[in-house]
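# Architecture at a glance
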Amino acid sequence: MAIETVGIIGSGLMGTGIAQICAVAGLKVIVRDINEDALARAIKSITASLSKLVEKQKIEDSVKTAALASITTTTEMKALASADFIIEAATENLGLKQTILKEMESIASPSCIIATNTSSVSVTKLAATLSKPDRFIGMHFFNPVPVMSLVEIIRAVQTSEATFAETEALARRVGKTPIGVKNAPGFVVNRILCPMINEAIFVLQEGLASREEIDAGMKLGANHPIGPLALADLIGLDTMLAVMNVFYADFKDPKYRPAPLLQEMVDAGYLGRKTGRGFYQY
Ligand code: NAD
């Protein structure tokens, strides 16, 4: 199937980035949010981001103009009826996503593939809300979307091979490198990354080394571009805690228990960069 029009549900941080890369790749993009302000912010942010790329000579001015002309915004779900592929990137909430998906399936064309950008909801569970779950899949982009190369493509139990192949092709078409993953909490990257950061917090809590020494250790000894504690501050300690709690609850394995110091920091309101204080002061 030739994909010409991509629908995007949710124009927050992720939906905005996804809209930008799809438009730059020459696709028609329809972005739907329930919030008019979020849609206006998305267009402003994409315009600024594309202007920067033109300044840096990464894209031609004509590409910026064409990309902006190919994006339409709407608050109406039925405006997505012409989409060949729809990516759901709304607020991370199971009930909300289930409601959106049901409504989406009722207006989408029969051949349309529906993908979710969820980080933590089971793709298999979401697929089960649809009457054609074989056309449903996870497409997990990374933040900031225009910069990060990876997309995890998550097969629900119900996902067909044809759906997987078309989604993989779309990921490549928008300039990303896809990896295929079976549905499981955290998929691949967060499953490895978050327990590693949690372990760094245990190391700090046990007083084995200072925050600076732990971060220097992983930067210089494992060639990581940023230390795990500085990265935790960047992600947000509340987000980190929520992810570890999901792993702990879903796998029922004590190896995923959140570090008590992580819980303590969140209780204190020290959430990282966004509150000016986490493991470091900002
Ligand atoms: P966000 O809060 O920035 O944006 C969510 C948007 O969804 C908001 O603009 C909100 O108005 C909109 N929305 C809510 N209900 C809606 C509805 N019924 N219809 C249409 N739009 C609706 O969130 P985000 O960070 O962009 O995350 C979106 C999704 O992407 C989540 O599932 C999240 O888990 C996932 N994700 C986030 C990141 C990240 O780093 N932030 C990374 C990968 C995946």
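Now for a description of the structure that goes with this document. (Residues numbered from 1 in each chain as written. Predicted model: local features only at pLDDT ≥ 70, side-chain atom pairs only at ≥ 80, totals over all residues. Heavy atoms only, no water.)

## Observations concerning the pattern of salt bridges
Applying the stated criterion to the full structure yields six salt bridges. Among the ionic pairs, Arg211 bridges to Glu212, the shortest N-O distance being 2.8 Å. On the basis of relative accessible area, Arg211 is assigned to the partly exposed category, the value being 31%. Take Glu212: its relative accessible area is 39%, and that puts it in the partly exposed class. Shared partners join several salt bridges into a network, and the residues in it are Glu88, Glu92 and Lys97. (Salt bridge = Lys/Arg side-chain N within 4 Å of Asp/Glu carboxyl O. Buried < 20%, exposed > 50% of the residue type's maximum accessible area, 1.4 Å probe, protein only.)

## A look at the sheet that holds strand β4 (residues 85–88)
Judged by pairing direction, the sheet is mixed, and its eight strands sit side by side in the order β3-β2-β1-β4-β5-β6-β7-β8 without closing on themselves. The outermost strands of the open sheet, each flanked by one partner alone, are β3 (71–74) and β8 (177–182). Averaged over neighbouring strand pairs, the angle between their axes works out to 25 degrees when direction is ignored. The sheet contact formed by strand β1 (residues 5–9) and β4 spans four bridges and is parallel. Directly across from Ile9, in β4, lies its bridge partner Glu88. This element, helix α2 (residues 36–55), spans β2 (28–32) and β3 of the sheet and lies at about 160 degrees to β3. (Pairing = 2+ DSSP bridges. Helix = DSSP H or I, 4+ residues; strand = E, 2+ residues; numbered from the N terminus. Axes fitted to C-alpha atoms, helices over the stretch in contact; angles between N-to-C directions. Contact = heavy atoms within 4.5 Å.)

## A word on the site of the ligand
Around the ligand lies a shell of 24 residues, among which Met14, Asp33, Glu92, Lys97 and Asn117 are the nearest. Here an oxygen atom of the ligand sits 2.8 Å away from a polar atom, N or O, in the main chain of Met14. Judged by its atoms lying within 2 Å of the grid points, the ligand is housed in the largest pocket. Among the secondary structure elements, those contributing two or more residues to the shell around the ligand are α1 (13–24), α4 (94–107) and β6 (136–141). Among the elements that take part in the shell around the ligand, α4 stands out by supplying three residues, more than any other. Tallied by class, residues from the shell around the ligand come to 10 nonpolar, 10 polar and four charged. (Near = heavy atom within 4 Å. Polar contact = N/O pair within 3.5 Å; in protein donor to acceptor, adjacent residues only side chain to side chain. 1 Å grid on protein atoms, 1.4 Å probe; cavity = no way out; pocket = protein on both sides within 12 Å on 5 of 7 lines; lining within 4 Å. Sits in = over half its atoms within 2 Å of the grid points. Nonpolar A, V, L, I, M, F, W, Y, C, P; charged D, E, K, R; others polar.)

## Describing the layout of surface pockets
The computed volume of the largest pocket comes to approximately 1,600 Å³. Classifying every residue of the lining of the largest pocket by side-chain character gives 29 nonpolar, 16 polar and five charged. Considering only enclosed or pocket space, the second largest pocket measures out at about 350 Å³ in volume. With five residues, α2 is the single largest residue contributor to the lining of the second largest pocket. When the residues that make up the lining of the second largest pocket are grouped by side-chain class, the tally is eight nonpolar, four polar and four charged. (Points joined across faces, edges and corners; volume = space filled by probe spheres on them.)

## Topic: the side chain of Asn117
Following the sequence through the fold, Asn117 ends up in the loop between β5 (113–116) and α5 (123–127). A relative accessible area of 7% means that Asn117 is categorised as buried.

## Quick word on helix α11 (residues 260–268)
Those residues of α11 lying buried are Leu262, Met265 and Val266. Viewed end-on, α11 has its buried residues packed into an arc of 95 degrees, placing them on one side of the element. Those residues of α11 that are exposed and aimed more than 90 degrees away from the buried face are Glu264 and Asp267. Where the residues of α11 are buried, they touch α7 (189–205) and α10 (237–251). Positive phi appears at Gly269, one or two residues downstream of α11, with a value of about 85 degrees. (Arc of directions from axis to C-beta.)

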